[in-house]
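Each chain, letter by letter, is given below.
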Amino acid sequence: MKEWYDAIKEAQNVEKLEEIRISVFGKKGVLAQEFAKMKSAPNEQKAQIAKDLNTHKSALMNELTAKKITLQTLELQVAMKAESIDVSLFSSKSQAGALHPVMETMDKIVEYFSAMNFSVKTGNMVEDDFNNFEALNLPKYHPARDMQDTFYFKDEMLLRTHTSPVQIRTMMHTKPPIRMIAPGAVFRRDYDLTHTPMFHQVEGLLVDEEGKVSFANLKYILEDFLKYMFGDIEVRFRPSFFPFTEPSAEVDISCVFCKGDGCRVCSKTGWLEVLGCGIVDPNVFEAVKYKNVSGYAFGLGVERFAMLIHQIGDLRSLFEGDIKLLEQFQ
Ligand code: DAH
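Residues numbered from 1 in each chain as written. Predicted model: local features only at pLDDT ≥ 70, side-chain atom pairs only at ≥ 80, totals over all residues. Heavy atoms only, no water.

A.B. asks: Quick question: what am I supposed to make of the overall build of the protein here?
C.D. replies: Of the regular secondary structure elements, the protein holds 11 helices and 9 strands. The globule rule puts the C-alpha radius of gyration for 330 residues at 20 Å, and the 40 Å found for the protein is more than 25% above it. Structurally, the protein occupies a C-alpha span of about 125 × 50 × 35 Å along its principal axes. In the protein, which comprises 330 residues, the share counted as buried stands at 39%. (Helix = DSSP H or I, 4+ residues; strand = E, 2+ residues; numbered from the N terminus. Rg over C-alpha atoms; globule rule 2.2 N^0.38 Å. Buried < 20%, exposed > 50% of the residue type's maximum accessible area, 1.4 Å probe, protein only.)

Below is the structure:
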């Protein structure tokens, strides 16, 4: 029996130990054989042989169990050492993430107006008819309410089609003066090269006492803002129409691709339209019960800005999560 005690002592790993266990305790193992032999031993010796074998049996089992624990602990330590991670190490393969170009552009827009003392409001993406249309002087028959353009829910609720309703929500809850911008997602039933069902706008609104806010103020800040965004460009204001402003204008910048010479992107005009603006229509102030005030407002599409800044041709590519495209903005 002694050799089995030695074998246990010398076993180097759990597998070897298991082999020993089977050799000793298995059905055809050493102990089984010894007990079998006992049958042919003289009767008076049987009791002693059985006693000795049982002593060995429990002693060997104790040795095995103790050795198994020792070996397992050792193996665990070796494995842990091999798999240990030095969290302070830098990996040359690690890649830094990057802001999506639309969010980066939005941040830059917000940065400009924050520096100009405009506060940032978010509003609601699920809007009602009053805030999205009615209060903005978009009466019931106005074509912008068409089912073609607007996602409607039941009960007159809808997905906001522009960020202008944040003007209304802010004026309903705040006394003038107001200087705010509202960046955020807007939704329209549209999908082609230059339209996606969800896109982002930034709305701006400034309200102060009557006679204090002029078109010249609006013109100054938008020109300054557009030069901040696009660098060395020309800016022009074109008379236009929006229900919520009067007078209204659309603002163009000289084409960032051809510098005004005329190319495909600007349809050979040399100009790119980038935002809408105007002096707040008295009907809007009436809807929010403001009296003796004047103000200006403007609105722009963030994706259009991002596409012009980064020279991206297809708007839809911004929403496909294409890693190759996004990697260029790291
Ligand atoms: N809400 C307009 C749109 O979605 C953008 C806009 C134009 C906002 C002129 C304004 C504005 O505040 O004065 O196209």
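Structure's up, so let's keep going.
A.B. asks: Is there a simple way to explain the sheet that holds strand E1 (residues 119-120) in this structure?
C.D. replies: Sheet strands associate in pairs through backbone hydrogen bonding, adopting either a parallel or an antiparallel arrangement. Spatially, the 7 strands line up as an open sheet ordered E1-E4-E5-E9-E8-E7-E6, and their pairing is mixed. What marks the edges here is a single partner per strand, and that holds for E1 and strand E6 (235-242). Sheet topology note: the strand E5 (residues 198-209)/strand E9 (residues 293-301) ladder contains 9 bridges and is antiparallel. For glutamate 203, the partnering residue across the bridge sits in E9 and is glycine 299. Against the sheet, helix H10 (residues 302-310) makes contact with E5, strand E8 (271-280) and E9, and its axis sits at roughly 145° relative to E8, the strand it touches most. (Pairing = 2+ DSSP bridges. Contact = heavy atoms within 4.5 Å. Axes fitted to C-alpha atoms, helices over the stretch in contact; angles between N-to-C directions.)

A.B. asks: Looking at this structure, how should I read the site of the ligand?
C.D. replies: Around the ligand sit 15 residues in total, of which His162, Ser164, Arg188, Gln201 and Glu203 are the nearest. Interatomic distance of 3.0 Å between a side-chain N/O atom of serine 164 and a nitrogen atom of the ligand. With respect to the ligand, the side chain of glutamine 201 contributes an N or O atom lying 2.9 Å from an oxygen atom. At the level of elements, E5, E8 and E9 are the ones that each hand at least two residues to the shell around the ligand. (Near = heavy atom within 4 Å. Polar contact = N/O pair within 3.5 Å; in protein donor to acceptor, adjacent residues only side chain to side chain.)

A.B. asks: In this structure, what is going on with the side chain of aspartate 252? I would like to understand it.
C.D. replies: Summarising the element assignment, aspartate 252 is placed in strand E7 (residues 245-254). There is a polar contact of 2.9 Å between the side chain of aspartate 252 and the side chain of arginine 236. If we ignore the near neighbours within four places in the chain, the residues touching aspartate 252 are Glu234, Val235, Arg236, Arg238, Trp271, Leu272, Glu273 and Val274.

A.B. asks: Just checking my understanding: could you explain the pattern of salt bridges for this structure?
C.D. replies: Where side chains of opposite charge bring their charged atoms close, a pairing between them can arise. Per the stated rule, a full pass over the model turns up 11 salt bridges. Taking the shortest distance from any N to any O, the salt bridge between glutamate 250 and arginine 238 comes out at 3.3 Å. Taken together, the residues glutamate 250 in strand E7 and arginine 238 in strand E6 connect sequence positions 12 residues apart. Given a relative accessible area of 17%, glutamate 250 falls into the buried group. Looking at arginine 238, the relative accessible area reads 27%, which means it is partly exposed. Through salt bridges that share partners, Arg236, Arg238, Glu250 and Asp252 make up one connected network. (Salt bridge = Lys/Arg side-chain N within 4 Å of Asp/Glu carboxyl O.)

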